[in-house]
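# Summary of the model geometry
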Amino acid sequence: MGDVPGVLWSPASAGPAPLVLMGHGGGADKRHRAMVGRARLLVTRCGFHAAVIDAPGHGDRPRSAQDEADVAALRRAQAAGSPEAPVVVPYNVRLAEQAVPEYRATLDALQELPEIGPGGPVGYVGLGLGMAIGMPLVAAEPRITAAVFGMTWPDALFEAARRITVPVEFALHWDSGRIPREASLALFDAFGSAEKSLHAHAGEHVAWHLVEADSATRFFARHLSPA
């Protein structure tokens, strides 16, 4: 995928098939177990392709001096029990500004492959940092026709939400001590999509439910599968 490290998982069957782009969480990478698990579901249950690239400063991509400073600031805030949003939100915005063009270039390259092809259905799924990158990506990229998001600070994402009109599935933790429930609900309300669903689970930010991976797979099967 050019100079950006990435992974593509594909079904064994021949012929063009839908593609789901995935975005990993902060501190993770393209081969994180969440990416591998989601890809397995999409490939084996739906016969789709799944692809993910390392976000800037993650995985096989070296951190810049600014990355190191931002990560250190986040660790200090966490150690002190201070709010994380003042550090995480601008950090995510900066990474998204770089990653969105990278994802669009990756999509260009993937659609040149005969097993994917141009014009086929494309989805996007991302939680945490993957959502912070994915929302401006989906807002800007007309080839993406369905998206699943969840679990990040919404502060800088409202403008992108208003420009997203494709079907959306949005998940949150009702009892998160890190991301205010009211802000996540306001973001969901801001999506311009005529079709959108909200999934809420009791529990803390890190207590993710595997059932959401199954739900996302069914969501993409409905919206990307050929008629």
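The following paragraphs examine the structure supplied in this document. Nothing here was measured: the structure is a model prediction, and the numbers come from that model.

### Regarding the overall build of the protein chain
Helices and strands together make up the secondary structure of the protein chain, namely seven helices and seven strands. Ordered by position from the N terminus, the helices and strands of the protein chain form the series β-β-α-β-α-α-β-α-β-α-β-α-β-α. Taken over C-alpha atoms, the radius of gyration comes to 17 Å for the protein chain, in line with the 17 Å a tight globule of 227 residues would show. By principal-axis analysis of the C-alpha atoms, the protein chain measures approximately 55 × 35 × 30 Å. In the protein chain, which comprises 227 residues, the share counted as buried stands at 51%. Here the analysis covers contacts within the protein chain between residues at least 6 apart in sequence; of these, 72% occur between residues at least 24 apart. With the model as given, the accessible surface of the protein chain reaches about 10200 Å², and the carbon-plus-sulfur share is 56%. Charge centroids of the protein chain, computed over 20 positive and 24 negative side chains, lie 3 Å from each other.

### A few points about the pattern of salt bridges
Inspection of every chain in the model, using the stated rule, returns 13 salt bridges. Here Asp108 makes a salt bridge to Arg143, at a shortest N to O gap of 2.8 Å. Remark: Arg143 occurs in the loop between helix 4 (129-140) and strand 5 (144-150) and Asp108 occurs in helix 3 (residues 85-110); sequence separation between them is 35 residues. Exposure remark for Arg143: the relative accessible area of 27% places this residue in the partly exposed category. Several salt bridges share partner residues, and in doing so they unite Arg104, Asp108, Glu141 and Arg143 into one network.

### Here we look at the sheet that holds strand 3 (residues 49-53)
The seven strands lie next to each other as 1-3-2-4-5-6-7, forming an open sheet whose pairing is mixed. With partners counted over all chains shown, the strands left at the sheet margins are strand 1 (6-9) and strand 7 (196-201), one partner each. Here the strands of the sheet are splayed against their neighbours by 15° on average, with no regard to which way each runs. Bridging between strand 1 and strand 3 involves four bridges; their strand directions are antiparallel. By the bridge assignment, Trp9 is partnered in strand 3 with Ala50. Along the sheet face, helix 7 (residues 211-224) touches strand 2 (19-23), strand 4 (122-127), strand 5, strand 6 (168-173) and strand 7 and points at about 165° away from the line of strand 5.

### Considering the pairing of strand 6
Within a regular strand, the side chains alternate between the two sheet faces. Strand 6 sits mainly inside the fold: six of its six residues count as buried. Side-chain alternation along strand 6 places Val168, Phe170 and Leu172 on one buried face and Glu169, Ala171 and His173 on a second face that is also buried. Sheet topology places strand 5 next to strand 6; four bridges connect them, and they run parallel. Within the sheet, the bridge partner assigned to Gly150 lies in strand 6 and is Ala171. On the question of chirality, the crossover connecting strand 5 to the parallel strand 6 by way of helix 5 (residues 158-163) is right-handed. As judged from the six bridges shared by strand 6 and strand 7, these two strands associate in the parallel manner. In the strand pairing of strand 7, Phe170 is matched with Leu198. Each parallel crossover has a hand, and for strand 6 linked through helix 6 (residues 181-190) to strand 7 it is right-handed.

### Some thoughts on helix 4
With 12 residues, helix 4 should reach 16 Å at 1.5 Å per residue; the first-to-last C-alpha distance of 17 Å fits that figure. Taken across its 12 residues, helix 4 has 10 buried, putting it largely inside the fold. Of the residues making up helix 4, those classed as buried are Leu129, Gly130, Met131, Ala132, Ile133, Gly134, Met135, Leu137, Val138 and Ala139.

### Remarks on the nonpolar core
Counting 58 residues, the largest nonpolar core has Leu21, Met22, Met135, Phe149, Phe191 and Phe220 as the members making the most contacts within it. If we ignore the near neighbours within four places in the chain, the residues touching Met22 are Trp9, Met35, Arg38, Ala39, Leu42, Ala50, Ala51, Val52, Ile53, Tyr103, Tyr124 and Val125. Judged by nonpolar contacts, the second largest core, of eight residues, contains Leu74, Val88, Trp153 and Ile179.

Definitions and limits used
Going along each chain's sequence as written, the residues are numbered from 1 onward. pLDDT decides what is reported in this predicted model: residues at 70 or higher carry local features, side-chain atom pairs at 80 or more are listed and counted, and totals for whole chains, interfaces and linings draw on all residues regardless. Side-chain calculation: all heavy atoms of the structure are included, whereas hydrogens and water are not. Each helix is a run of DSSP H or I of at least 4 residues and each strand a run of E of at least 2, with the numbering of both proceeding from the N terminus. C-alpha atoms define the radius of gyration, and 2.2 Å times the number of residues to the power 0.38 defines the globule rule. Working definition: with a 1.4 Å probe on protein chains only, accessible area under 20% of the residue-type maximum means buried, over 50% means exposed, and in between means partly exposed. By definition, residues are in contact when any of their heavy atoms lie within 4.5 Å. Method for areas: the Shrake-Rupley scheme with a 1.4 Å probe, in which residue coverage is limited to the protein chains shown. The sign given to each residue is positive for Lys and Arg and negative for Asp and Glu; His and the chain ends receive no count. Charge placement uses NZ in Lys and CZ in Arg. For Asp and Glu, CG and CD serve respectively. Salt bridge, as used here: a side-chain nitrogen of Lys or Arg that lies within 4 Å of a carboxyl oxygen of Asp or Glu. For two strands to be treated as a pair, DSSP must find no fewer than two bridges joining them. Note on geometry: axes are lines fitted to C-alpha atoms, helical ones only across the stretch in contact, with angles between N-to-C directions running from 0 to 180 degrees. Crossovers are described as right-handed under a simple rule: with the strands pointing away from the observer, the path leading from the first strand over the helix to the second runs clockwise. One fewer than the residue count of a helix, multiplied by 1.5 Å, yields its expected span. Each nonpolar core is a collection of buried residues, namely Ala, Val, Leu, Ile, Met, Phe, Trp, Tyr and Cys, held together in the definition by side-chain atoms within 4.5 Å.

Geometric descriptors of this kind do not, in isolation, establish any biological role.
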